[in-house]
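So you can see what is in the structure, the chains are spelled out below.
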Amino acid sequence: MVPSTGCNKTRTAVFISGTGTNLKSLIKFSRNAKSPISIDLVISNNSKAKGLDYAKKFKIKKKVLNFKKKKLSEEKLLSILKINNINMICLAGFMKILSGNFIKKFKGKILNIHPSLLPKYKGLNSHKRVLNNKEKYSGCTVHFVNARLDSGKIILQKKVKISKNETETSLAKKILVQEHKLYPKAILKAFNL
Ligand code: GRF
């Protein structure tokens, strides 16, 4: 469980690398009175990430760190998070792997969304591997982040049925729709709400 910070919402940073549709859904959720989190910072490793437009649109502070020198970027990141009083991190399509040292500093306070029914299909290209293996179902998972990739404690999952003639694109689209609903639900669960 993520400890709540009294009557104030928990100040949260969302880390992205791409289109940021999960970021958008989290921002909308965070602005609901029932949300235990506020989104106060968006971090991207990619200055061209489309998702950064949502930070602009919703007037949320944003920072780009390229992660080319991981140790240095993580040190900068930790100080940015501290300055902004961030207490929780939601990874949403963030394509960099955080170090064990970084994760330790936010122990139990980093969540991630992955487009498969973990523990199956960890890592990249999940949809492709799911289809190659002729699975009947796939889905998405929100989990706590630990030092091993896509292996932390599962908070919530949503299953989707794979259709006849399913393609990687159609499956990704179908799962993404569910991701947008699952992440807010998982946050409520992580806060015991
Ligand atoms: C999502 O499918 C997420 O699960 C995966 O990357 C995708 C990001 O989509 N890790 P978006 O940037 O939130 O639109």
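Above this text sits the structure in question.
Fair warning: this is a prediction, and the values are worked out from it, not measured in the lab.

K.L.:
What am I meant to see in the packing of aromatic side chains here?
P.N.:
Geometry of an aromatic ring pair is reported as the spacing of the ring centres plus the angle between the planes. All chains considered together, the criterion is met by four aromatic pairs. Between Phe15 and Phe102, the ring centres sit 6.4 Å apart and the planes meet at 55°, which makes this aromatic pair tilted. Residue Phe15 is found in strand β1 (residues 10-16), and its partner Phe102 is found in helix α4 (residues 100-105); the two are separated by 87 residues along the sequence. The burial state of Phe15 is the same as that of Phe102; both residues are buried.

K.L.:
Is there a simple way to think about the pairing of strand β2 (residues 37-44) in this case?
P.N.:
Every regular strand shows the same layout, with side chains that alternate between the two sheet faces. By the criterion of burial, β2 is predominantly enclosed, with eight of the eight residues buried. Sheet topology places β1 next to β2; seven bridges connect them, and they run parallel. Following the sheet pairing, Thr10 is matched in β2 by Ile37. As a crossover connection, the stretch from β1 through helix α1 (residues 21-30) into β2 is right-handed.

K.L.:
How should the layout of surface pockets be read in this particular structure?
P.N.:
Taking a probe equal in size to a water molecule and rolling it over the atoms shows the remaining empty space. One number sums up the size of the largest pocket: a volume of about 960 Å³. Residue lining of the largest pocket: 35 residues in total, with Gly93, Phe94, Met95, Ile113 and Pro115 positioned closest to the centre. Those elements that provide at least two residues to the lining of the largest pocket are α1, β5 (110-114), α5 (126-132) and α6 (168-190). Here the element with the most residues in the lining of the largest pocket is α6; it accounts for four residues. Residues of the lining of the largest pocket, tallied by class, amount to 15 nonpolar, 14 polar and six charged.

K.L.:
Please clarify how the site of the ligand should be interpreted in this entry.
P.N.:
Close to the ligand lie Thr19, Gly20, Thr21, Asn22, Gly93, Ile113, Pro115, Leu176 and Glu179, which account for all nearby residues. In this structure, an oxygen atom belonging to the ligand sits 2.5 Å away from a side-chain N or O atom of Thr21. Alone, the ligand offers 370 Å² of accessible surface; in the complex the protein occludes 82% of this. Only α1 and α6 provide two or more residues apiece to the shell around the ligand.

Rules and cut-offs
Residues numbered from 1 in each chain as written. Predicted model: local features only at pLDDT ≥ 70, side-chain atom pairs only at ≥ 80, totals over all residues. Heavy atoms only, no water. Phe/Tyr/Trp six-rings, centres within 6.5 Å; stacked < 30°, edge-to-face > 60°. Helix = DSSP H or I, 4+ residues; strand = E, 2+ residues; numbered from the N terminus. Buried < 20%, exposed > 50% of the residue type's maximum accessible area, 1.4 Å probe, protein only. Pairing = 2+ DSSP bridges. Right-handed = clockwise from strand over helix to strand, strands pointing away. 1 Å grid on protein atoms, 1.4 Å probe; cavity = no way out; pocket = protein on both sides within 12 Å on 5 of 7 lines; lining within 4 Å. Points joined across faces, edges and corners; volume = space filled by probe spheres on them. Nonpolar A, V, L, I, M, F, W, Y, C, P; charged D, E, K, R; others polar. Near = heavy atom within 4 Å. Polar contact = N/O pair within 3.5 Å; in protein donor to acceptor, adjacent residues only side chain to side chain. Areas by Shrake-Rupley, 256 points an atom, 1.4 Å probe, with all protein chains shown as cover.

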